[in-house]
Amino acid sequence: MLCSHYVHQLRACAKLQSLSFGQQLHAQITKYGLQHYGPLPNSLVDVYGKCGGIGNAQQLFDEMPHRNLISWASILTAYNNAGLPHKTLFMFLEMWELDNLLPDHFVIASLVRACANLGDIKLGKQVHAHFAVSPFFDDDVVKSSLVDMYSKCGFPGYARTVFDSIKVKDTISWAALISGYARIGCKADALELFRKMPNKNLRSWSALISGFVQSGHGSSACSVFTMMRRKVDYGADPSILSSVVSASANMAALQLGKQLHCLVILFGFERDVFISTSLIDMYAKCSDLLAAKSIFNGTSKREVVCWTSIIVGMAQHGQAKEALSLYDEMVRDGVKPDEVTFLGLICACGHVGLVNKGREFFNLMVRDHGMRPSLHHYTCLLDLLSRSGHLDEAEKLLKTMPYNPDEVAWATLLSACRKHKNTEVAVRVADHLLYLGPEDPSAYILISNTYAAASMWKKVSTVRKLMSDMDLKREPGYSCIEIAKESHVFYAGKTCHPMRKQLVSLLEELDAEMRKRGYVPDTSYVLRDIEQHQKEKHLLWHSERWAVAYGLLKSAPSATIRIVKNLRTCGDCHTVLKFISSIAKREIIVRDANRFHHFKDGNCSCGDFW
């Protein structure tokens, strides 16, 4: 009777995810000498696993006199819940050695989940093969886990095959497949599957919305969120709100972000750490640092994700000193940095050229925190070194890092070589990058521009022909500006905008005034074999100039002009925007592909280092 009572209590504790309550129950169970009786040991491991007490769960597991498959499934699930999928797989290898047990369907499902969290499709297929020849080959729980694993690894076709074989499809398998399609950008398939789902719930709406956010389809995510609010009455869910706030951040849609912030306040989620972090990130990406700081300062429980978000936000805006100061404050508060924190710190150093400090942080994460730098960390350090002119050291790092450098790493070095006008190294790196056969069309554009800058026109033709043969299309440069809750997009080149004549007239007036103040067009950024006056005309049609001109004509006289550009701002436009900020007496904030630029009174926040 007493044992049954504690089993029910432990189940309730697991649902509440209350570690302190679980420890109290554990103490009572031990007091009565029941810690090894019946189902209680396994229930205790399950409770600690679900309440974040992985150390307690492992200790209990080790002390068990007799372990069964439920014991192993509980500890494997605990490590999955703790975000330690490597440990899950390592523990499984000891199952036969220690207890002579073969995995059942619950253990197999835990292994599949570990593979999903690792994104290890090869190992996942091996587990799937074992499942297919096991006595549990028709278990729907394992199949649902496989649907989730294949979806997370980017193989919705395999996920669909497994999904179609499930006899009784639950909401988990439906949501996993919907999310899988949405995350790789298959909007039509995701929406069609969602439409067919018989009993939609909060999980399915969340899967569709978060999937669209992850694939960069923020507008679709917001549309689905609006549809959900109109069609069903789930109240509000913090995870969905967090996803939609992230969508507005990625689109730099400040007004939408503010509206979502109002919903957060309305539903009382201000104290939710994930929503607070999303709001900090949103305001930072929408160039409203004051609001980002306000949210951060008002957050009572500052976890590492919250600190990292504000540090990265400051770094993106070139406020490296503030970012480093926040790191020092975080350490004083006893919060341990994680891998993402160090990535943000090295990036902060890269935005202002603090080479020694960047090296220090890179070494600190290894020496003092025992972290293994990822390829992203090496690429970030490479960017810092190459951008600061340490091209030889950067090239050495590229060749000695414990990873095979991807095309992003090589493109990073190539871009820096072009910036520092080191033609010899640039051509050598471009040759190697071309040999690797990059998949991103922007890499071919960079290679082509490198050859063009070196007047190697035959190689330029070769690259362009290669792009044509591979059907690779260059992404057109565009800039977006939001005025009166409406977004306006301008593409590079001549525009058919209804206000074209007024825009051209204003741009020509500004150009004349800039020349009086000493502006000389830098036509080295026009990589075409055309006449000088044609190159100067070409610079005039860059998309951010159209957007700025529109902002000057349509916004309030003292309003800050905020622009989002999909590509890196060229050096000539950077100079032009400094002039315009002085002439028009306006602050202009540009978020390009690399960072934020705050132009004010003829200066830029980057200090001309970007």
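Reference entry: report on the structure contained in this document. A quick note: this is a predicted structure, and the numbers were derived from the prediction, not measured.

Calculation criteria
Residues numbered from 1 in each chain as written. Predicted model: local features only at pLDDT ≥ 70, side-chain atom pairs only at ≥ 80, totals over all residues. Heavy atoms only, no water. Helix = DSSP H or I, 4+ residues; strand = E, 2+ residues; numbered from the N terminus. Rg over C-alpha atoms; globule rule 2.2 N^0.38 Å. Buried < 20%, exposed > 50% of the residue type's maximum accessible area, 1.4 Å probe, protein only. Contact = heavy atoms within 4.5 Å. Phe/Tyr/Trp six-rings, centres within 6.5 Å; stacked < 30°, edge-to-face > 60°. Lys NZ or Arg CZ within 6 Å of the ring centre and 35° of its normal. Axes fitted to C-alpha atoms, helices over the stretch in contact; angles between N-to-C directions. Parallel < 35°, antiparallel > 145°, perpendicular 65-115°, else oblique. Left-handed = near helix turned anticlockwise from the far one by under 90°. Nonpolar A, V, L, I, M, F, W, Y, C, P; charged D, E, K, R; others polar. Expected span 1.5 Å × (residues − 1). Arc of directions from axis to C-beta. Pairing = 2+ DSSP bridges. Salt bridge = Lys/Arg side-chain N within 4 Å of Asp/Glu carboxyl O.

1. Regarding the overall build of the chain
So, point 1. Across its full length, the chain holds 32 helices and six strands.
So, point 2. Relative to a compact globule of 610 residues, whose C-alpha radius of gyration would be 25 Å, the chain shows 28 Å and is just as compact.
So, point 3. Seen through its principal axes, the chain has C-alpha atoms that stretch 90 × 50 × 50 Å.
So, point 4. Within the chain, the proportion of its 610 residues that are buried is 49%.
So, point 5. Considering only contacts in the chain between residues 6 or more positions apart, those separated by 24 or more positions represent 61%.

2. Observations concerning the packing of aromatic side chains
So, point 1. Throughout the structure, instances matching the rule amount to 15 aromatic pairs.
So, point 2. Ring geometry for Phe 155 versus Tyr 158: centroids 5.6 Å apart, planes at 10°, classification stacked.
So, point 3. A relative accessible area of 40% places Tyr 158 in the partly exposed class.
So, point 4. Every member of this aromatic cluster is reached through a ring pair, and the members are Tyr 150, Phe 155 and Tyr 158.
So, point 5. Geometry around Phe 155 places Lys 125 over its ring, the cationic atom sitting 5.8 Å from the centre.

3. Some thoughts on the packing of helix H25 (residues 407–419) against helix H27 (residues 441–453)
So, point 1. At their nearest, the axes of H25 and H27 sit 10 Å apart, and the two run at 30° to each other. It follows that H25 is roughly parallel to H27 by the angle criterion. For the crossing formed where H25 meets H27, the hand is left-handed. Judged by residue contacts, Glu 407, Ala 411, Leu 414, Ser 415 and Arg 418 of H25 engage Ala 443, Leu 446, Ile 447, Asn 449, Thr 450 and Ala 453 from H27.
So, point 2. Its residues assigned to classes, the contact of H25 with H27 shows six nonpolar, three polar and two charged.

4. Some words on helix H28 (residues 457–469)
So, point 1. For H28, spanning 13 residues, the distance from its first C-alpha to its last is 18 Å, which sits close to the expected 18 Å at 1.5 Å a residue.
So, point 2. The complete set of buried residues in H28 reads Val 460, Val 463 and Met 467. For H28, the angular spread of buried residues about the axis comes to 65°, placing them on one side. In this structure, H28 carries Lys 458, Thr 462, Lys 465, Ser 468 and Asp 469 as exposed residues pointing more than 90 degrees from its buried face.
So, point 3. Packed against the buried residues of H28 are helix H26 (423–436) and H27.

5. Topic: the pairing of strand E1 (residues 478–483)
So, point 1. Pairing analysis gives six bridges linking E1 to strand E2 (residues 486–491), with the strands arranged antiparallel. Bridging from a neighbouring strand, Cys 480 pairs with Val 489 of E2.
So, point 2. What sits between the antiparallel neighbours E1 and E2 is a turn of two residues, in which Ala 484 has the positive phi angle 50°.
So, point 3. Bridge count between E1 and strand E3 (residues 561–565): three bridges; the pairing is antiparallel. The residue bridging Ile 481 from the neighbouring strand is Ile 563, located in E3.

6. Observations concerning unusual backbone geometry
So, point 1. Residues other than glycine seldom take positive phi values, yet Asn 100 does so here, at roughly 55°.
So, point 2. Its place among the elements puts Asn 100 in the loop between helix H6 (85–99) and helix H7 (105–118).
So, point 3. The class of Asn 100 is exposed, set by a relative accessible area of 53%.
So, point 4. Of note, the phi angle at Ala 252 is positive, near 55°, even though the residue is not glycine.

7. Focus on the pattern of salt bridges
So, point 1. All chains considered together, the criterion is met by 23 salt bridges.
So, point 2. One salt bridge in this structure joins Glu 329 and Arg 302, with 3.8 Å as the shortest N-O distance. Remark: Arg 302 occurs in the loop between helix H18 (289–297) and helix H19 (304–316) and Glu 329 occurs in helix H20 (residues 320–332); sequence separation between them is 27 residues.
So, point 3. Classification of Glu 329 as partly exposed rests on a relative accessible area of 28%.
So, point 4. For Glu 395, the salt bridge identified is with Lys 399, shortest N-O distance 3.5 Å. With Glu 395 and Lys 399 both in helix H24 (residues 391–400), this residue pair falls four residues apart, about one helical turn.

8. A word on the packing of helix H13 (residues 202–214) against helix H14 (residues 218–231)
So, point 1. Contact geometry of H13 with H14 gives a least axis separation of 7 Å together with a crossing angle of 160°. As the angle between them shows, H13 and H14 are arranged roughly antiparallel. Of the two elements, H13 crosses H14, and the hand of that crossing is left-handed. Each of Trp 205, Leu 208, Ile 209, Phe 212 and Val 213 in H13 lies in contact with H14, whose residues at this interface are Gly 218, Ser 220, Ala 221, Val 224, Phe 225, Met 227 and Met 228.

9. A closer look at the environment of Gly 185
So, point 1. Looking at the element boundaries, Gly 185 is found in the loop between helix H11 (171–183) and helix H12 (187–196).
So, point 2. Distance from Gly 185 to His 597, taken between C-alpha atoms, is 30 Å for residues 412 residues apart in sequence.
So, point 3. With residues up to four places along the chain from it excluded, the contact list for Gly 185 reads Ser 215 and His 217.

10. Some points on the sheet that holds strand E6 (residues 603–604)
So, point 1. Strand order in the open sheet made by the six strands is E2-E1-E3-E4-E5-E6, with mixed pairing throughout. This sheet does not close on itself; its edge strands, each paired only once, are E2 and E6.
So, point 2. Note: strand E5 (residues 596–600) against E6, two bridges, orientation antiparallel. Looking at the pairing, Lys 600 lines up with Asn 603 of E6.
So, point 3. Strands in contact with helix H32 (residues 571–583) are strand E4 (588–591), E5 and E6; relative to E5, the strand with the most contacts, it is inclined by about 35°.

All quantities given are derived from atomic positions and should not be read as evidence of function.
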